[in-house]
Amino acid sequence: MDIHYVGEHLFWGYLGRAAIYLAFLTAIFAAFAYFRASYDGHINYRLWRCYGRRAFRLHAGMVAVASFALMFILLNQYYEYRYVWVHVENDLSLGYQIASFWAGQEGSLLFWVLSQVVFGLIIIRVSRRWEMPVMTVFAVSQVFLVSMLLGIKTGGISIGFDPFQLLRQAPENADNIFFQNPEYLLQITDGNGLNPLLRNFWMLSHPPVTFIGYAAVLVPFCYAIAGLWKGKYHEWIKPALPWTILGIFFLGAGILLGGIWAYESLTFGGFWAWDPIENASLVPWLILVAGLHLMLVSLKKRHSYAPALLFVILAYIFVIYATYLTRSGVLSDTSVHSFGRDGMGTHILIYLFAALVTSLILFFRIYQRLPSKKTEKVFARDFWLFVGALVMVLSAFQIIFSTSIPVINHFFGTKLAPPANVVAHYNTWQLPFAIAIALMMGFTHFVRWGNNSFNLFIRRMGLPMTLAIVFSILAAVTYGIQRPDFLLMILASLFALFSSLDMLLRFPKEYISKGGAVTHLGMGMFLLAIVITFSQQETISKNTSGYHLGESFPETENLLLIKDEILPMGDYHVTYVGYAFDGERVHYQVDFLKENREGEFYKVFSSYPAVLLNERMGNVYEPYAKVFPLKDIFTHVTYADLDQGEIPEPHQKLESLRITVGDSITLDNHLLVFQDILTEPLHDLHGEDQLRVIADMVVHTQFGEHYHIRPAFVYAEGEIIHEDDTVEDIELRFRLKRAADEPYTVDLELFEERLDFIIIKTTIFPLINLLWLSIIVMLAGLWMAYRSRKKQARG
């Protein structure tokens, strides 16, 4: 029997689903039409190109409609849709409601498709004669991606995941009797909500910028495939160069924004944790940067076509592989970024192998026709650009091999052990690569494309190298750096930095507009900041409280702070002032103090680490970084008594007693004597009669002290208002609950004062601001390079 459900907004689901189906069909037709139009000399190529354009524009419109429909149901909190219920809740702010669009599998895929649509429309407008072969490949990519959103089941096979699936139609709710009620929606008053880890300003930008980067990397891939397909192994480079730089810009920006998010929101105390999904995004960026440099070599010197083509192709292949690692669930046990195991992996692997096999077939078909360099001049710019590109690719393959150990074990049944100390493993391997890249960035500035004079080369690089050596010595002395590999990394980074500055200052018109030297300057600053910041970071929160913290909180990294108690910590003293609750977060105030000559403490600054409360998904501990010009002091709470997600009361109830005048009761080696019960008539501000009932008592402590206490309650207008009394020395609070039925007898409640304390971890990161500045410089250089190459491509 059909159930007629009440209150569901089905129109938007039908609209979004129909738009996705039409987007899939129009992408297929666009790919076919552009393929037919791609044959040179085809009599109807203009007609088929027109068909392809119209089909792709219709495809773009359908993707836009589907995106609008999904955003509409998210903003209106239509909880009958599974995607909305999983990622939205009533109290979610507008910014995070928008961010919920890309919070899950389906929405993030749709945003990726939407980003590629925008680039596809731009290609149609600007690519001229390259439009047809490039858009053929581009449209095929859209076919594969949109197919992941179809949500069709046929013959026991599932094709994609439907972002507009109703909650009652979800597989996990198939036998749920709750959805047999036609008015079930009236009982769903709130959604599950956005993952609390994603409720951060930088998460509003990190995922979409990363997906825009993925979309941008597709474009040079399409040009490379078109070049192989048409045998134009040189002509594809010039129009593809600005797109390559744009892909590097957006993908790099997405990775760096993720690092900023990790630094501000996660408690591992760093910028990069070598998480498998982080690594998977870094690998295509490294390979595409290597491909860019070889594209420049090929464009200038007309050789090295094979590695340039191969690296650009592999960059997008590894974008798809990164998507597999993220969405297949194969890394769900080792990465906080991974989605669960929901069957998406097989679909992505089909796309991956289709792209890889097609690319390799086209590559080897034309490989013998690609020109190669007859004689190799070692002392030439093109040689060292090739070596630098090779080093970057080797670096990328080391990262992806270690990251893929769970994948290798999964498919081949091996039992390879992943690295025990992940950070140390990658740092040990990647440091030599970073040193080599930095050194080559430095000296290739002084090597020309053709013949070079060694003596002139030495003279040109003399000043930057001298400055690098001097400042390396200063850094070693200032920060006490003794490890030879760290010192070499500092020297290489400074050499890259000063050589870039030398070019920019001596030839500003030539180098600033092109952006390459600016990007290298930013990269030199970045590598320098990385090695100093994270090799010299210092945890100063040694436990000086006198309390044993247990195995979960190492004494060398954690400090227990009791409210108002002052303890030494590094060069400071600290005190826990208290907390405030804003309805969502508990903000703790920790004051950092200094001691003057008179022995008095004065406040230097306050730190405000917080805990974001979330009953459904668990509380999230949010760090606080106090920013200084040359360092950050990074503090987060490692333990706070949150009473299972609630703000703790300052007292906890011990027991309830019924006591009569004249009774004496032992309380944990203390003696309580009930002397008398008194009453006092009162009048409120309006002249109404009230009555205060007072229990007159004495507490004799085991230490020989005597305390006269008078807990009471006021009876006013049918309500009881308690007036508790406290004995601070024994940390007990007494509440006169009520008068009992028996004469001269009362009910008394005893409360023990909770010890208000937190455990914190504080780390100092030197020169972290140089890291943030380097990111700005690097991205600015890439944008300059993009604009420069875009102008050249148009010319």
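Bear in mind the structure is a predicted one, so any value in this text is a computation, not a measurement.

Asks: Explain the overall build of the chain here, please?
Replies: In terms of helices and strands, the chain carries 19 helices and 23 strands. Taken along the three principal axes of its C-alpha coordinates, the chain extends 110 × 80 × 55 Å. Burial analysis of the chain (795 residues in total) assigns 53% to the buried set. Counting only contacts in the chain whose residues sit at least 6 apart along the sequence, the fraction spanning at least 24 positions is 66%. Accessible surface for the chain amounts to roughly 37,000 Å². Of this, 59% is attributable to carbon and sulfur atoms. Of the charged side chains in the chain, 60 are positive and 69 negative; the average position of the first set lies 31 Å away from that of the second.

Asks: Help me understand the packing of helix α5 (residues 105–126) against helix α10 (residues 305–327), please; the structure alone is not making it clear to me.
Replies: For any two helices packed against each other, one specifies the inter-axial angle together with the distance between the axes. For the pair α5 and α10, interaxial distance at closest approach is 12 Å and the crossing angle is 165°. Taken as axis vectors, α5 and α10 run roughly antiparallel relative to one another. Remark: the crossing between α5 and α10 carries right-handed chirality. In this structure, α5 contributes Gln-105, Ser-108, Leu-109, Trp-112 and Gln-116 to the contact, and α10 contributes Tyr-316, Val-319, Thr-323 and Arg-327. Split by residue class, the contact of α5 with α10 holds four nonpolar, four polar and one charged.

Asks: Help me understand a nonpolar patch on the surface in this model?
Replies: On the surface, Phe-29, Phe-32, Leu-47 and Tyr-51 cluster together to form a nonpolar patch covering roughly 340 Å² of accessible area. When contributions to the nonpolar patch are tallied by element, the ones reaching two or more residues are α1 (10–37) and α2 (45–75). Owing to a relative accessible area of 39%, Phe-32 belongs among the partly exposed residues under this scheme.

Asks: For this particular structure, what's the right way to read the pairing of strand β12 (residues 631–640)?
Replies: Consecutive side chains of a regular strand alternate in pointing toward one face of the sheet and then the other. For β12, a buried count of seven out of ten residues is recorded, marking the element as mostly surrounded by other parts of the structure. Summarising the sheet, strand β11 (residues 624–628) and β12 pair through five bridges and their orientation is antiparallel. By the bridge assignment, Phe-628 is partnered in β12 with Lys-631. Taking the residues that link successive antiparallel strands as the turn, the β11-β12 hairpin has two residues.

Asks: Mind showing me how you'd approach the environment of Ala-33 here?
Replies: Relative to the helices and strands, Ala-33 is located in helix α1. According to the relative accessible area criterion, Ala-33 is buried, its value standing at 0%. Ignoring sequence-local partners within four residues, the contact set of Ala-33 consists of Trp-48, Tyr-51 and Gly-52.

Asks: Hey, could you run me through a negative patch on the surface in this one?
Replies: Side chains of Asp-668, Glu-705, Glu-728, Asp-729, Glu-731 and Glu-752 sit close together on the surface and give a patch of like negative charge. By the element assignment, Glu-728 lies in the loop between β20 (725–727) and β21 (732–739).

Asks: It is not clear to me how the side chain of Glu-131 should be interpreted in this structure. Could you clarify?
Replies: Take Glu-131: it is sitting in helix α6 (residues 131–147). A relative accessible area of 1% places Glu-131 in the buried class. Within polar-contact distance, the side chain of Glu-131 engages the side chain of Arg-53 at 2.7 Å. Residues contacting Glu-131, with those up to four places away along its chain left out, are Tyr-34, Arg-49, Arg-53 and Ile-124.

Asks: Honestly, the pattern of salt bridges in this entry has me stumped. Any pointers?
Replies: Close approach of charged atoms allows side chains with opposite charge to pair. Using the criterion set out here, one finds 17 salt bridges in the structure. As a salt-bridge pair, Arg-585 and Glu-622 come within 2.6 Å of each other at their nearest N and O atoms. Of the two residues, Arg-585 sits in strand β7 (residues 585–595) while Glu-622 sits in strand β10 (residues 620–622), which places them 37 residues apart along the sequence. As far as burial versus exposure is concerned, Arg-585 and Glu-622 are alike and both buried.

Asks: Explanation requested: unusual backbone geometry in the structure shown.
Replies: Glycine aside, the phi torsion of most residues is negative, and most peptide linkages are trans. With phi around 75°, Asp-564 is a residue other than glycine that occupies positive phi space. By secondary structure assignment, the location of Asp-564 is in the loop between β4 (559–562) and β5 (566–569). Of the residues examined, Asp-564 reaches a relative accessible area of 57% and is grouped as exposed. A positive phi angle, close to 55°, is found at Tyr-744, a residue other than glycine. With relative accessibility at 56%, the residue Tyr-744 sits in the exposed group.

Asks: What's the story with the side chain of Thr-519 in this structure? I'm lost.
Replies: Checked against the element boundaries, Thr-519 lands in helix α18 (residues 516–535). Since its relative accessible area comes to 14%, Thr-519 is described here as buried. Not counting residues within four places of it along the chain, the set of residues in contact with Thr-519 comprises Met-778, Gly-781 and Leu-782.

Asks: I'm lost on the packing of aromatic side chains in this one. Help?
Replies: Here a ring pair, both rings aromatic, is described through the centre-centre distance and the interplanar angle of the planes. Using the criterion set out here, one finds 58 aromatic pairs in the structure. Note on Phe-32 and Trp-48: the rings are 5.5 Å apart at their centroids and 90° apart in plane angle, and the pair reads as edge-to-face. Of this pair, Phe-32 sits in helix α1 while Trp-48 sits in helix α2, and the two are 16 residues apart along the sequence. Geometrically, the ring pair formed by Phe-454 and Phe-457 is tilted, given 6.2 Å between the ring centres and 40° between the ring planes. Of this pair, Phe-454 and Phe-457 both sit in helix α15 (residues 454–479), three residues apart, which is roughly one turn of the helix. Take Phe-454: its relative accessible area is 52%, and that puts it in the exposed class. Residue Phe-457 is classed as buried on the basis of its relative accessible area, which comes to 8%. Through a chain of ring-to-ring contacts, the aromatic side chains of Phe-379, Phe-383, Trp-384, Phe-443, Phe-454 and Phe-457 assemble into a single cluster. Across the ring face of Phe-486, the terminal group of Arg-483 is positioned such that the distance to the ring centre comes to 4.0 Å. Lying over the aromatic face of Phe-628, Lys-631 brings its terminal NZ or CZ to 5.7 Å of the ring centre.

So, how was this worked out
- Residues numbered from 1 in each chain as written.
- Predicted model: local features only at pLDDT ≥ 70, side-chain atom pairs only at ≥ 80, totals over all residues.
- Heavy atoms only, no water.
- Helix = DSSP H or I, 4+ residues; strand = E, 2+ residues; numbered from the N terminus.
- Buried < 20%, exposed > 50% of the residue type's maximum accessible area, 1.4 Å probe, protein only.
- Contact = heavy atoms within 4.5 Å.
- Areas by Shrake-Rupley, 256 points an atom, 1.4 Å probe, with all protein chains shown as cover.
- Lys, Arg positive; Asp, Glu negative; His and termini not counted.
- Charge placed at Lys NZ, Arg CZ, Asp CG, Glu CD.
- Axes fitted to C-alpha atoms, helices over the stretch in contact; angles between N-to-C directions.
- Parallel < 35°, antiparallel > 145°, perpendicular 65-115°, else oblique.
- Left-handed = near helix turned anticlockwise from the far one by under 90°.
- Nonpolar A, V, L, I, M, F, W, Y, C, P; charged D, E, K, R; others polar.
- Patch = residues over 30% accessible without salt bridge, like charges linked within 9 Å, V, L, I, M, F, W, Y side chains within 5 Å.
- Salt bridge = Lys/Arg side-chain N within 4 Å of Asp/Glu carboxyl O.
- Pairing = 2+ DSSP bridges.
- Polar contact = N/O pair within 3.5 Å; in protein donor to acceptor, adjacent residues only side chain to side chain.
- Phe/Tyr/Trp six-rings, centres within 6.5 Å; stacked < 30°, edge-to-face > 60°.
- Lys NZ or Arg CZ within 6 Å of the ring centre and 35° of its normal.

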